Amino acid sequence: MKTKMCVLALLAVSALSPSLLGQETPRGGIVNGPKAGFNIAAPDGWVLDTESGKHQDLPCVLYPKASSWSDAKTVMYAKVASPQWEGVNAFVAWAIKGMEKTHGIPKEKIASGKTKDGHDYFINEYPATKTYSQWERAGYVQLPQGVAYIVLSSRDQASYRKDSGALEKVLKTLVYLEPKSETASGQAYATRYHQLLDQHAEAQIEPLLTEWREKAPDDPDAWITSANYYFNQRQPNISTKKPSPGDITLTSKTKRI
């Protein structure tokens, strides 16, 4: 009788708390953007983690089991390109140009194929250089109104050779998702807005805010963020510096200020 009771107790515990028996972390994860999103799964031997990369604006990271995001010799991360990029070729050309000084010229389209739901992907390889020690490759996917990309990065060539095949395994699990909700879209727009502010990319901010209001007219954050931005832009800036052409100056009888 005692043996039966122990077995029943173990079954009850396993039903209520599977984690107590060493259940693995879920292998699937969703990445959302303002115009598109996707779902991917971790390949065998890898962990998909939706928490560790958040402080780096990485909603979904992967690394081999028995390691972590911070100490793994090879990692991957998945993102949706910024909303101004809807075409994969234009996005990749822009990325290559921006990385050229440190990464050099990549080996383009070393592999290609289709995602789980039939979207085309291709992979570029970015070998280590004198100015950049990481060995990397990136997979790019054209989605409706958006671009998905997944980057694999290794600390050394040996790890890269061992792990680089995992990228294509992840790409083959990818499934396109339409933006889940206006809330999800609003969060992505807000993230992009703050990135542009940090980059002082004023020329891109107003188009982004306009698109945000048009795509999510019922999102109060779209209107509040826009109002705050335009209000701050129109605040007078009082300075003692020498005025530039077109500046308004104030003068007194004794001194111009």
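Counting starts from 1 at the beginning of each chain's written sequence and moves along it residue by residue. The predicted nature of this model means local features are confined to residues of pLDDT at least 70 and side-chain atom pairs, given and counted, to a pLDDT of 80 or more, with totals for whole chains, interfaces and linings taken over all residues. Note that the side-chain values use all heavy atoms of the structure and ignore hydrogens as well as water.

1. Some remarks on the pattern of salt bridges
Any two side chains of opposite charge can pair if their charged atoms end up close together. Short version of the rule: Each salt bridge in this description consists of a side-chain nitrogen of Lys or Arg and a carboxyl oxygen of Asp or Glu lying within 4 Å of one another. Only protein chains enter the area calculation, which uses a 1.4 Å probe; residues under 20% of their type maximum are buried, those over 50% are exposed, and those in between are partly exposed.
Applying the stated criterion to the full structure yields six salt bridges. Note that D163 is salt-bridged to K162, the shortest N-O span being 2.9 Å. Under the relative-accessibility criterion, D163 is labelled buried at 9%. By relative accessible area, which is 64% here, K162 ends up exposed. Beyond isolated ion pairs, a larger network of salt bridges with shared partners links K107, E125 and R137.

2. What about the environment of L208?
The following threshold applies: We count a stretch as a helix when DSSP gives it H or I for four or more residues in a row; a strand needs E for two or more, and each element gets its number in order from the N terminus. In this analysis, two residues are considered to be in contact whenever any of their non-hydrogen atoms come within 4.5 Å of each other.
Residue placement: L208 occurs in helix α6 (residues 202-215). Residue class for L208 comes out buried when judged on its relative accessible area of 7%. Sequence spacing of L208 and Q84 is 124 residues, and the spatial spacing of their C-alpha atoms is 8.0 Å. Not counting residues up to four positions away in its chain, the partners in contact with L208 are P83, Y189, R192, Y193 and L196.

3. Examining the sheet that holds strand β3 (residues 46-49)
Defined as follows: For two strands to be treated as a pair, DSSP must find no fewer than two bridges joining them. Comment: axis = line fitted to C-alpha atoms, over the contacting stretch for helices; angle = value between 0 and 180 degrees taken between N-to-C directions.
Overall, antiparallel pairing links the seven strands, which are arranged β3-β4-β5-β9-β8-β7-β6 in an open sheet. Two strands close off the open sheet at either side, each with one partner strand: β3 and β6 (107-114). Ignoring strand direction, the axes of neighbouring strands in this sheet form an average angle of 20°. Here β6 pairs with strand β7 (residues 120-126) via five bridges, running antiparallel. From the neighbouring strand, G113 faces β7, where its bridge partner is Y121. Packing against the sheet, helix α2 (residues 88-103) makes contact with β6, β7, β8 (135-143) and β9 (146-154), and its axis sits at approximately 10° to β7.

4. Observations concerning empty space enclosed by the protein
For the record, the criterion: Both site types are read off a 1 Å grid over the protein atoms alone. A 1.4 Å probe that fits but cannot get out defines a cavity, while an open set with protein on both sides within 12 Å along at least five of seven lines defines a pocket; lining residues have an atom within 4 Å of a point. Grid points are joined across faces, edges and corners, and a volume is the space filled by probe spheres set on the points. Any residue outside Ala, Val, Leu, Ile, Met, Phe, Trp, Tyr, Cys, Pro, Asp, Glu, Lys and Arg is labelled polar, Gly included; the first ten of those are nonpolar and the last four are charged.
This model, assessed by the stated rule, comprises one cavity of 30 Å³ or more. The computed volume of the largest cavity comes to approximately 40 Å³. P34, K35, A36, V80, A81, S82, P83, W85, Q145 and G146 are the residues that line the largest cavity. Looking at the lining of the largest cavity residue by residue, the classes come out as six nonpolar, three polar and one charged.

5. So, the nonpolar core
Spelled out, the test is: For our purposes a nonpolar core is just a set of buried Ala, Val, Leu, Ile, Met, Phe, Trp, Tyr and Cys residues, chained together by side-chain atoms within 4.5 Å.
Residues F38, I40, L62, M76, L143, I150 and L174 are the most contacted members of the largest nonpolar core, which totals 28 residues. At the level of elements, β2 (37-41), β3, β4 (60-64), β5 (74-80), β7, β8, β9 and α4 (165-171) are the ones that each hand at least two residues to this core. For this core, the element with the most residues is α4, which contributes four residues. For L143, the contacting residues outside a window of four places in its chain are A36, G37, F38, E86, H119, A148, L174 and Y176. F91, I96, Y140 and V151 belong to the second largest nonpolar core, which has 13 residues in total.

6. A look at the pairing of β4
A large share of β4 lies buried, amounting to five of its five residues. Going residue by residue along β4, you find C60, L62 and P64 tucked away on one face and V61 and Y63 tucked away on the opposite face as well. Inspection of the sheet shows β4 paired to β5 by three bridges, in the antiparallel sense. Paired with C60 across the two strands is A78, which belongs to β5.

7. Observations regarding the confidence of the model for the chain
Put simply, the test is: Confidence scores per residue from the predictor, reported as pLDDT, run from 0 to 100.
Mean pLDDT over the chain: 82, with 78% of residues reaching 70 or higher. Predicted confidence is poor over residues 1-26, with pLDDT under 50, and the contacts of this stretch with residues over four places away or in other chains come to nine contacts.

8. Describing the side chain of S154
Just so we agree on the cut-off: What qualifies as a polar contact is a pair of N or O atoms within 3.5 Å, subject to a donor-acceptor requirement within protein and to the restriction that residues adjacent in sequence count only when both atoms come from side chains.
Relative to the helices and strands, S154 resides in strand β9. In this structure S154 comes out as buried when scored by relative accessible area, which is 0%. Within the local environment of S154, its side chain forms a polar contact with the backbone nitrogen of Y160, the two atoms lying 3.5 Å apart. Among residues more than four places away in sequence, those in contact with S154 are K73, T74, Q134, W135, S159 and Y160.

9. Side note on the sheet that holds β2
Read across the sheet, three strands follow the order β1-β2-β10 without closing on themselves; strand pairing throughout is antiparallel. The two strands at the open ends of the sheet, each matched to only one other strand, are β1 (28-32) and β10 (175-177). Averaged over all neighbouring strand pairs, the angle between strand axes comes to 25°, with direction disregarded. Note that β1 and β2 share five bridges and pair antiparallel. The residue bridging I30 from the neighbouring strand is N39, located in β2.

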